[in-house]
Amino acid sequence: MTAASSSALLPWADVFTFNGEAEMLRYRLALHSSFVTASVIIESNVTFTGRQKRPSQLASRILTDAERRRWNVDIAQVPLSEEIRTSLNPWKKEFAARRFATSVIAQRFPRHRVYHSDVDELLDPAAMHSLEVTTCIAPRLRFYYYSEHCPVYNETWAGAIIVNTATKWFVDRARGTPPVMMRAHPGTDLSHARKACAISDRLLGWHMSFAMASDAILQKLRSYSHAHYAGAVTRQANPSAFIDAKVRACADILGRLDVGPIDGAYDGRLPPLPGWPTHPSAPRDDAMKAARMRLRSEAYAF
């Protein structure tokens, strides 16, 4: 069999970056457990902006031994050179983490379909078992802020990568110096402008951005590579109240995207596992609308 014709038989592995989103971490591991055979969490003890992480931000401190056994989870610590560790450029730490992830994927999962993403980029288990991956795919995700009631209008998300590690395409890129980042954003090695990985025709999951409480959002804004965008939020007299107000209105806290409240978006498909994280101030529907959303979601089939 060729790699293309047999790729649907390859086992799945899940490799993702993590920066303290504890609720999303546990939700992702539970959601993906129906198709993933092993997960590796890529983390460092410092944030991309160079802050020392608190214990509450480390997967190694958040997950219990029982949870790690249940979901077959390993945690890989990013080795940072002194130059990168002390650099004021947060992208150097992020890119180091993503290239390290490629090396981890190559070493641990040589004949797999591997999903590499951030923790809040979720795949739909119903679409994964028979998914063919010839070389790589950038899965198109439904894009939400705060909760399923705040979709980003007129935009889907396709920044993560699914890769077939049994292909020469992947092996060549993993052996590079440095290894290629498995990411499809502008400025990264597999950016869409380079046309390296095709964007999926189908919607294959959900990007649940900022689906957390305001204090956790503030922690993220001060920690991630886009921190320079966040000054308008973090310098507020009461940043948490500012975030709460934006969330109640389904407005982008960073003022970049067109987000709005609605009872259902895209094709109506929601994650099959109830209990996904949301911001506590996000709009909520009455029971009848919520029931309609569930019916639409259940009616959507692959």
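So, how was this worked out
- Residues numbered from 1 in each chain as written.
- Predicted model: local features only at pLDDT ≥ 70, side-chain atom pairs only at ≥ 80, totals over all residues.
- Heavy atoms only, no water.
- Pairing = 2+ DSSP bridges.
- Helix = DSSP H or I, 4+ residues; strand = E, 2+ residues; numbered from the N terminus.
- Axes fitted to C-alpha atoms, helices over the stretch in contact; angles between N-to-C directions.
- Contact = heavy atoms within 4.5 Å.
- Salt bridge = Lys/Arg side-chain N within 4 Å of Asp/Glu carboxyl O.
- Buried < 20%, exposed > 50% of the residue type's maximum accessible area, 1.4 Å probe, protein only.
- 1 Å grid on protein atoms, 1.4 Å probe; cavity = no way out; pocket = protein on both sides within 12 Å on 5 of 7 lines; lining within 4 Å.
- Points joined across faces, edges and corners; volume = space filled by probe spheres on them.
- Nonpolar A, V, L, I, M, F, W, Y, C, P; charged D, E, K, R; others polar.
- Polar contact = N/O pair within 3.5 Å; in protein donor to acceptor, adjacent residues only side chain to side chain.

## Examining the sheet that holds strand E8 (residues 198-209)
The eight strands lie next to each other as E3-E2-E1-E4-E7-E6-E8-E5, forming an open sheet whose pairing is mixed. Pairing within the sheet leaves two strands with one partner each, and these edge strands are strand E3 (73-77) and strand E5 (121-123). Pairwise comparison of adjacent strand axes, ignoring direction, gives a mean angle of 30° for this sheet. Strand contacts of helix H2 (residues 22-32): strand E1 (12-17), strand E2 (36-43), E3, strand E4 (113-118), E5 and E8, with the helix running at about 15° to E5, the strand carrying the most contacts. Along the sheet, helix H6 (residues 90-108) contacts E1, E2, E3 and E4; its crossing angle with E2, the most-contacted strand, is approximately 150°.

## Some words on the pattern of salt bridges
Tallying each qualifying case throughout the model produces eleven salt bridges. In this structure, Arg 108 engages Asp 74 in a salt bridge whose closest nitrogen and oxygen atoms are separated by 2.4 Å. With a gap of 34 residues between them, Arg 108 in helix H6 and Asp 74 in strand E3 connect regions that are remote in the sequence. Asp 74 sits in the partly exposed class, given a relative accessible area of 31%. One salt bridge connects Asp 118 with Arg 98, and the closest N-O pair in it is separated by 2.8 Å. Here Asp 118 is found in strand E4, whereas its partner Arg 98 is found in helix H6, with 20 residues between them in sequence.

## Focus on the environment of Ala 184
For Ala 184, the location among the structural elements is in the loop between helix H8 (168-174) and E8. The exposure class of Ala 184 is buried, given its relative accessible area of 1%. For the pair Ala 184 and Ser 117, spaced 67 residues apart in sequence, the C-alpha to C-alpha distance is 9.8 Å.

## Concerning empty space enclosed by the protein
Taken as a whole, this structure holds one cavity of 30 Å³ or more when the rule is applied. Considering only enclosed or pocket space, the largest cavity measures out at about 60 Å³ in volume. The wall of the largest cavity is formed by Thr 17, Phe 18, Asn 19, Ile 42, Glu 43, Ser 44, Val 46, Phe 48, Lys 53, Val 78 and Ala 97. When grouped by side-chain class, the residues that make up the lining of the largest cavity number six nonpolar, three polar and two charged.

## With respect to the side chain of Asn 164
Checked against the element boundaries, Asn 164 lands in strand E7 (residues 161-164). Given a relative accessible area of 0%, Asn 164 falls into the buried group. A distance of 3.0 Å separates a polar atom in the side chain of Asn 164 from the backbone oxygen of Val 133. Side-chain polar atoms of Asn 164 contact the backbone nitrogen of Ala 166, separated by 2.9 Å.

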